[in-house]
Amino acid sequence: MKEKSYGLALSLLRIALGLILIFQAISIAPSLYDFYGEFGIMQSAISDYLATGSFVPSMSSVQNTLSWFHLHRDEVVTLIFYLYLIACAFFTIGLYTSLASVMTFLLHLILLSSNRASTYGVDHYLHFALFYYIFPGVGRLLSFDEGLKLREDHKNVMNSLVLKWMKIHFALTYFAAGLGKISGEQWRGGEAIWRSLMLPEYQFYDFSFLSQYHFVGLFLCWWTMVIELFYPLFMLMNRKVALLCLSQVILMHLGIIVFMKLYYFGLVMIVLNLFLFVLREKDILHFMEKKTKDPGVLGLIARKHLV
Amino acid sequence: MKKYKIKLLSLFFTLHLLLVFFSMMMPYSDKLSNIWDSKYFTPIRVYAVYTGTHIQFDFFAPSINSSLKVSYLVEYFNGETELIEELSEKSRESQIRYENIMSNFFEIEEDESLRKAMTASWAAKVFSKRPDAKKVKVKIELFEIPQMKWSDYYESSFERKVTAGIP
């Protein structure tokens with residue numbers, strides 16, 4: 001592949017993910033020591049026992065590394081958390097973007113591994129995305145480092161390569177989700193959606209009536225499984241089919257936000273779908289050309305470089 | 001970028017995605033799980049954990065687990081008792097994480113010492129917030145579907161040994 005790209009979609013995705021990371025961190029800040037502190041809801045000894053392996057950096061390993069400073073566990077938690085917030089802010093606005101990307105990735109890994117029991121889908125999808133930003137030159141536009149102008153030298157092969165592999169990886173995650181569901185009797189039998197909506201932690205609306213209309217649950221379960229299982233295939237088909245599938249996927253994630261109140265998970269999935277598949281670089285450039293009148297910013301330069 | 005660098009990068013990403021696929025297929029093959037657990041696979045396992053390629057992304061599958069609810073029955077030194085259902089106010093995001101921690105209780109069903117340690121950890125949190133508490137009973141209930149009712153699942157009691165000046 002010799003195709004070069006500005007990485008505009010990846011740059012917009014960087015900003016969106018950065019903002020999500022910051023808001024998510026702020027929303028768990030009041031419970032920070034409950035999750036990561038020495039005497040938290042999962043004491044550090046138990047978290048370490050449940051960790052994936054001693055080779056992964058965690059709050060405990062950072063504390064051991066900094067043993068000369070005699071820091072208390074909670075002080076290490078505070079230090080890591082503030083460093084993480086700063087890294088996320090730099091990553092979002094694109095200041096020292098390369099360093100900020102690596103730091104955000106590593107600090108996110110530390111938070112992930114320090115209390116694995118508390119993590120869920122959103123953390124894994126965020127980590128999946130952050131990994132691809134550690135490669136040089138990926139999604140570095142619309143930043144303090146590069147400004148708002150597009151230059152010919154901003155185009156690089158790395159952006160095209162990473163976008164392509166990120167898309168494949170992301171599509172595979174849907175396939176895996178679909179495969180997991182279809183192997184379960186509750187999903188095949190149409191019971192799973194009803195069950196998940198009836199669980200106390202997700203019961204914000206009364207869906208008990210669904211038990212009388214089994215076909216609704218059955219349809220929703222199979223609709224979900226078909227979308228997820230064939231997601232990679234749909235993305236390979238023509239644009240209309242891909243967009244139809246993407247509209248269904250986004251609808252599904254909106255449903256997760258509204259009915260299950262998994263705000264960050266739903267938002268991350270929608271943002272990833274939008275910037276990896278829906279919005280292509282040439283669409284963004286077209287949009288900018290139409291909307292931007294200011295000659296100093298993206299629009300005019302985009303017009304100049306429009307392909 | 002030079003051609004050989006692009007080729008090397010493409011090879012790297014291909015191997016990376018092969019590992020992603022390998023991890024995703026692990027729940028369906030004992031052979032793959034055995035390979036994953038073997039000592040020869042350790043460097044790849046390290047890479048996978050760092051990069052997140054070990055995640056199977058099979059959320060809410062193959063089945064939907066029942067819910068667990070934790071409550072604390074506190075007995076104070078003065079003889080009074082209190083039932084606590086929420087330790088503190090939480091944002092929705094923190095609430096989800098609390099529930100995830102609780103749901104780990106299913107996964108460690110065969111490890112009684114770990115279950116005891118986890119409940120001790122929760123009880124310690126209550127003791128730390130209530131210095132006049134003498135005894136904490138951690139009560140875990142299971143939400144049964146389709147009966148739609150809570151039933152007793154696990155119980156464990158802890159008593160404060162050091163009274164910190166309280167007679």
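Residues numbered from 1 in each chain as written. Chains lettered and ligands numbered in written order. Predicted model: local features only at pLDDT ≥ 70, side-chain atom pairs only at ≥ 80, totals over all residues. Heavy atoms only, no water.

Participant: I would appreciate a short explanation of the packing of helix α6 (residues 97-114) of chain A against helix α7 (residues 121-133) of chain A in the present structure.
Facilitator: Helix-helix packing is described using two parameters, namely the angle between the two axes and the distance between the axes. Residues and elements named next belong to chain A. With their axes 9 Å apart at the nearest point, α6 and α7 run at an angle of 150° to one another. On the basis of their axis angle, the class for α6 and α7 is roughly antiparallel. In this structure, α6 meets α7 at a crossing whose hand is left-handed. Residues S101, T104, F105, H108, L109 and L112 of α6 pack against D123, H124, L126, H127, L130, F131 and Y133 of α7. (Axes fitted to C-alpha atoms, helices over the stretch in contact; angles between N-to-C directions. Helix = DSSP H or I, 4+ residues; strand = E, 2+ residues; numbered from the N terminus. Parallel < 35°, antiparallel > 145°, perpendicular 65-115°, else oblique. Left-handed = near helix turned anticlockwise from the far one by under 90°. Contact = heavy atoms within 4.5 Å.)

Participant: Could you clarify how one ought to interpret the packing of aromatic side chains in this entry?
Facilitator: In this description, a pair of aromatic rings is defined by centroid distance and the angle of the planes. Overall, the coordinates contain 40 aromatic pairs over all chains when judged by the stated rule. On the numbers, 5.2 Å between centres and 55° between planes, the contact of A:F35 with B:Y98 is tilted. Taken together, the residues span two chains, with A:F35 in helix α2 (residues 32-36) and B:Y98 in helix α4 (residues 92-107). For A:F35, a relative accessible area of 1% corresponds to the buried category. By relative accessible area, which is 5% here, B:Y98 ends up buried. Here the guanidinium or amino end of A:K155 rests over the ring plane of A:Y6, the centre of that ring lying 5.4 Å away. (Phe/Tyr/Trp six-rings, centres within 6.5 Å; stacked < 30°, edge-to-face > 60°. Buried < 20%, exposed > 50% of the residue type's maximum accessible area, 1.4 Å probe, protein only. Lys NZ or Arg CZ within 6 Å of the ring centre and 35° of its normal.)

Participant: What am I meant to see in the pattern of salt bridges here?
Facilitator: Pairs may arise between side chains of opposite charge once their charged atoms sit close together. Enumeration according to the criterion identifies 13 salt bridges over all chains in this entry. With a closest N to O distance of 3.6 Å, A:D283 and A:R239 form a salt bridge. In this pair, A:D283 is assigned in helix α14 (residues 281-291) and A:R239 in helix α12 (residues 239-260), connecting sequence segments 44 residues apart. Assessed through its relative accessible area of 26%, A:D283 is described here as partly exposed. B:K90 serves as the salt-bridge partner of B:E86, at 3.0 Å between the closest nitrogen and oxygen. The exposure class of B:E86 is partly exposed, given its relative accessible area of 47%. On the basis of relative accessible area, B:K90 is assigned to the partly exposed category, the value being 22%. Sharing partners across several salt bridges, the network here consists of A:D123, B:E93 and B:R97. (Salt bridge = Lys/Arg side-chain N within 4 Å of Asp/Glu carboxyl O.)

Participant: Even after reading the chapter, I still don't get the interface of chain B and chain A, so can you show me in this structure?
Facilitator: Often, the extent of an interface is quoted as the loss of accessible area upon association of its parts. The partner chain A presents 73 residues to the 64 residues of chain B that form the contact. Counting the surface lost from both chain B and chain A, the interface buries some 6,000 Å², and carbon and sulfur atoms represent 70% of this. When the buried surface of chain B facing chain A is broken down by residue, B:Y50, B:F57 and B:R97 rank first, second and third, together holding 12% of it. Taken together, chain B and chain A are joined by 2 salt bridges. Where chain B packs against chain A, one counts 25 residue pairs in polar contact (both at pLDDT 80 or more). Contributions of two or more residues to the side of chain B that touches chain A are made by α1 (3-25), α3 (42-51), α4 and α5 (112-129) of chain B. Considering every element that reaches the side of chain B that touches chain A, the biggest residue donor is α1(B), with 13 residues. (Buried area = accessible area lost by both parts, 1.4 Å probe. Polar contact = N/O pair within 3.5 Å; in protein donor to acceptor, adjacent residues only side chain to side chain.)

Participant: So what exactly am I meant to see when it comes to the nonpolar core here?
Facilitator: Within soluble globular proteins, side chains that are nonpolar generally end up buried alongside one another. Ranked by internal contacts, the top residues of the largest apolar core, which has 140 residues, are A:L13, A:M166, A:F170, A:Y231, B:Y72 and B:W122. It is helix α8 (residues 157-182) of chain A that provides the largest number of residues to this core, a total of 12 residues. Inspection of this core shows a minimum of three residues originating in each of domain 1 (3-51) and domain 2 (68-159) of chain B. Once residues lying within four places of it in the same chain are set aside, the contact partners of A:M166 are A:L10, A:L13, A:F128, A:A129, A:Y132, A:Y133 and A:L276. Counting 9 residues, the second largest nonpolar core, distinct from the first, contains A:Y6, A:L8, A:L141 and A:I284. (Core = buried A, V, L, I, M, F, W, Y, C linked by side-chain atoms within 4.5 Å. Domains from an automatic or database assignment.)

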